[in-house]
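The lines below spell out each chain.
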Amino acid sequence: MTEAILLVGGKGTRLRPLTVHTPKPMVPAAGVPFLTHQLARARAAGVEHIVLATSYLAEVFEPYFGDGSALGLHLEYVTEEEPLGTGGAIRNVASRLHSGPDDPVLIFNGDILTGLDIRALVDTHETTGADVSLHLTKVTDPRAYGLVPTDDTGRVQAFLEKPQTPEEIVTDQINAGAYVFRRSVIDSIPLGRPVSVERETFPGLLSAGAHLQGMVDSTYWLDLGTPAAFVRGSADLVLGRAPSPAVPGRCGDRLVLPTARVASDAKLAGGTVVGEGAFVAEGARIFGSTILPGAVIEPGAVITDSLIGTRARVGQRSVLTGTVIGDGAVIGPDNELLEGARIWCDARIPAGAVRFSSDQ
């Protein structure tokens, strides 16, 4: 198995303002664009040729990764002119594949951080003779996901989209967003129109009697669709909880990129990342957060579980918890921003303008 399709065309609307200027797979996680981790893990599993299905800000990918040779890969890029959905995007790039009709093709989404054993998924596909094999994972609350019940042999029985009542929750197994397709199945997807693999392709194959196989792998899995999840995923990569050969340094409590500057008495912990050219001043305390390149954290600021955008500035003594600061934004001194706050790119908040607690 030497080929893969990587779906990286989404707009990342749930991640805004992080994705205003940057496509979601290119937002840095543990010091490098998140996509780097996926590419490196695919290469480690034996994949050699990857086609990137791009759409939103498509022009960003190729200048960064080029032909993929630096990662030991051969990369190609195909841009959708109109959004085609997951199935339509897969079909749209099929002409770039070299596989024969019965060969396996790995397909994965550009916003999932996982410890999936890729080789095991391919082996499952080949030993069972499946038409499509799906990575499944178990979650405590499956209401936000598509359920995939299987029989005792792992063969998929149904696809149930986002159950809302207890009666509809017949399994805790969900579609985890990585698949192996028989190449001929990809060619059977309608060309040139939007298609959802989850709502159209998979149910259609099942009703036609195709063999869809599920493999439950309950290692690390995280959908990076929200700012809180993205920040946690980056921290878990740094801490070594999520595996990746692409972390640019040793796993530990903090990752400080080479040109970043951190004052000797600043405290960094919980998987915090300080990006290239960023500056963390004296007395600052940062836990489980990502400081993107060129950002400035002024003296005494306290930042927890937050993401500070490129070239943004956080003023003296400001307290940020569960917050996303867009690129180029400036948070003046003595502000307090709590869970869920999103400050848009280039916005400016004056000193002491936002508080949740009293002055005492």
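The rules we used
- Residues numbered from 1 in each chain as written.
- Predicted model: local features only at pLDDT ≥ 70, side-chain atom pairs only at ≥ 80, totals over all residues.
- Heavy atoms only, no water.
- Helix = DSSP H or I, 4+ residues; strand = E, 2+ residues; numbered from the N terminus.
- Rg over C-alpha atoms; globule rule 2.2 N^0.38 Å.
- Buried < 20%, exposed > 50% of the residue type's maximum accessible area, 1.4 Å probe, protein only.
- Pairing = 2+ DSSP bridges.
- Contact = heavy atoms within 4.5 Å.
- Axes fitted to C-alpha atoms, helices over the stretch in contact; angles between N-to-C directions.
- Polar contact = N/O pair within 3.5 Å; in protein donor to acceptor, adjacent residues only side chain to side chain.
- Salt bridge = Lys/Arg side-chain N within 4 Å of Asp/Glu carboxyl O.

**Quick look at the overall build of the protein**
Broken down by element type, the protein carries seven helices and 30 strands. Here the protein has a C-alpha radius of gyration of 22 Å; the compact-globule value for 360 residues is 21 Å, and the two agree. Over its C-alpha atoms, taken along the principal directions, the protein stretches across nearly 65 × 50 × 35 Å. Looking at the protein as a whole, 56% of its 360 residues qualify as buried.

**Focus: the sheet that holds strand β18 (residues 279-280)**
Taking strand neighbours across the sheet as the criterion, the six strands line up as β15-β18-β21-β24-β27-β30 in an open arrangement whose pairing is parallel. Lying at the two open borders of the sheet, with one neighbouring strand each, are β15 (261-262) and β30 (348-349).

**Considerations on the sheet that holds strand β20 (residues 290-291)**
Pairing is parallel in the open sheet, where six strands are placed in the order β14-β17-β20-β23-β26-β29. Strands with a single pairing partner mark the edges of an open sheet, and in this sheet they are β14 (254-256) and β29 (342-343). Packing against the sheet, helix α7 (residues 227-239) makes contact with β14, β17 (272-274), β20, β23 (307-308), β26 (324-325) and β29, and its axis sits at approximately 90° to β17.

**Details of the side chain of His-211**
Relative to the assigned elements, His-211 resides in the loop between α6 (197-207) and β12 (212-216). Of the polar contacts made by the side chain of His-211, one reaches the side chain of Gln-213; its length is 2.8 Å. Look past the residues within four positions of His-211 in its chain and what remains in contact with it is Thr-128, Gly-129, Ala-130, Asp-131, Val-132 and Arg-155.

**Quick look at the environment of Arg-143**
In this structure, Arg-143 sits in the loop between β8 (132-138) and β9 (146-147). With 130 residues separating them in the primary sequence, Arg-143 and Thr-13 have C-alpha atoms 21 Å apart. Leave out the neighbours within four places in its chain, and Arg-143 touches Lys-162, Pro-163, Gln-164 and Ile-169.

**Observations concerning the pairing of strand β6 (residues 104-109)**
Most of β6 sits inside the fold, with six of its six residues counted as buried. Here β6 shows no split at all, with Pro-104, Leu-106 and Phe-108 on one side and Val-105, Ile-107 and Asn-109 on the other all buried.

**Focus on the pattern of salt bridges**
Tallied over the entire structure, the rule returns 12 salt bridges. We note a salt bridge from Asp-111 to Lys-24, for which the minimum N-O separation is 3.0 Å. Of this pair, Asp-111 sits in the loop between β6 and β7 (112-114) while Lys-24 sits in the loop between β1 (3-8) and β2 (28-29), and the two are 87 residues apart along the sequence. Between Glu-76 and Arg-96 there is a salt bridge whose closest N-O contact spans 3.0 Å. With a gap of 20 residues between them, Glu-76 in strand β5 (residues 74-79) and Arg-96 in the loop between α3 (85-92) and β6 connect regions that are remote in the sequence. Residue classification places Glu-76 among the buried positions, given a relative accessible area of 16%. The partly exposed category is assigned to Arg-96, whose relative accessible area is 33%. What emerges from the salt-bridge pattern is a single network uniting Asp-102, Asp-131 and Arg-182.

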